[in-house]
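Working through the structure, step by step
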Amino acid sequence: LDVGAVLGHGAEVVVLATGARPVRPSWADGSVVDATDVLCGRARPAGRVLVVDELGTQHATSAAELLALRGCAVTTVTAAMVAAQHLSATLDLPGWRRRASALGIVERTDLVVQECADGRVVLLHHPTGRSSTETFDVVVHCGPAAPDDRLWHGLSGAADVHRVGDCLAARDAHAATTEGHRVGSRI
């Protein structure tokens, strides 16, 4: 929808849940692929793939598992001390670990990507301060997204508009559902 279509409905109140859009990290060159593009089928990496997990959620593990099932040699890296740490809250972590092990997915922790150019990735092991360079055929990024608030900006002042979920700030489904309930209760 665009501004004209929304206003054309004549609604007294508009609640936007337009989601979020990927943000390219500062270290990425043009060859880095977003995990969303992998999961939606817009990108089909092959060969040695590095999945950079900046969220610790199902986004990176899902992309890694999908790629491994397609025959890619997958390595995941995270700056955290535990790979996929947020999966423990949903009790998905043990299942992920078993599947990752069976698929040969290598999980590496305490690593920050400093630079990526033409498949050459500079990784900083932050506990020791040592950097190393490794080469991958494809780098897949899974990181924070930015609100897709373009429609909200277009409607501001023209209607009673409320944003919920990732349209306001990228976060999980629980936060978006709670926020949607609050807005619904107010109107």
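Residues numbered from 1 in each chain as written. Predicted model: local features only at pLDDT ≥ 70, side-chain atom pairs only at ≥ 80, totals over all residues. Heavy atoms only, no water.

This part covers the pairing of strand S7 (residues 111-117). Note: S7 against strand S8 (residues 120-125), 6 bridges, orientation antiparallel. Paired with Val112 across the bridge in S8 is Leu124. The antiparallel hairpin formed by S7 and S8 contains 2 residues in its connecting segment, where Asp118 sits at a positive phi of about 55°. (Pairing = 2+ DSSP bridges. Helix = DSSP H or I, 4+ residues; strand = E, 2+ residues; numbered from the N terminus.)

This part is about the packing of helix H3 (residues 58-69) against helix H4 (residues 93-103). Closest axis-to-axis distance for the H3/H4 pair is 10 Å, and the angle between their directions is 30°. Put simply, H3 runs roughly parallel to H4. Crossing hand, H3 versus H4: left-handed. Every residue of H4 that contacts H3 at Thr61, Ala64, Glu65, Ala68 and Leu69 is listed here: Trp96, Arg99 and Leu103. Of the residues that constitute the contact of H3 with H4, the class distribution is 5 nonpolar, 1 polar and 2 charged. (Axes fitted to C-alpha atoms, helices over the stretch in contact; angles between N-to-C directions. Parallel < 35°, antiparallel > 145°, perpendicular 65-115°, else oblique. Left-handed = near helix turned anticlockwise from the far one by under 90°. Contact = heavy atoms within 4.5 Å. Nonpolar A, V, L, I, M, F, W, Y, C, P; charged D, E, K, R; others polar.)

Turning our attention to H3. Over its 12 residues, H3 extends 16 Å from the first C-alpha to the last, a length consistent with the 16 Å expected when each residue adds 1.5 Å. Within H3, burial applies to Ala60, Thr61, Ala63, Ala64, Glu65, Leu67 and Ala68. The elements touched by buried residues of H3 are helix H2 (35-39), strand S4 (48-53), strand S5 (73-77), H4 and strand S10 (138-142). At the exit of H3 stands Gly71, carrying a positive phi of roughly 100°. (Expected span 1.5 Å × (residues − 1). Buried < 20%, exposed > 50% of the residue type's maximum accessible area, 1.4 Å probe, protein only.)

A few words on the pairing of S8. Both S8 and strand S9 (residues 130-135) contribute to a ladder of 6 bridges, which runs antiparallel. Bridging across to S9, Leu123 finds its partner in Ser132. Hairpin connection of S8 to S9: 4 residues between the antiparallel strands, including Gly129 at a positive phi of 80°.

On the basis of which strands lie adjacent, the open sheet formed by 5 strands has the order S3-S10-S4-S5-S6 and parallel pairing. Of all the strands in the sheet, just strand S3 (33-34) and strand S6 (106-108) have a single pairing partner and so form its edges. The pairing of S3 with S10 spans 2 bridges and is parallel. Paired with Val33 across the two strands is Val140, which belongs to S10. Here H3 sits on the sheet and contacts S4, S5 and S10; the angle it forms with S4, its principal contact strand, is near 170°.

In an α-helix there are 3.6 residues to a turn, and that puts residues three or four apart on one side. Among the residues of H4, those classed as buried are Leu93, Gly95, Trp96 and Ala100. Summarising the axial view, the buried residues of H4 lie within an arc of 155°, below the 170-degree limit, and thus occupy one face. The outward face of H4, more than 90 degrees from its buried face, is lined by the exposed residues Arg98, Ser101 and Ala102. Note on H4: the residue one or two positions beyond its end, Gly104, has a positive phi of about 80°. (Arc of directions from axis to C-beta.)

Ordered by their spatial adjacency, 3 strands build an open sheet running S7-S8-S9, and the pairing between neighbours is antiparallel. Edge positions in the sheet fall to S7 and S9, since each has one partner strand and no second. Averaged over all adjacent pairs, the angle separating strand axes in this sheet is 25°, with direction ignored.

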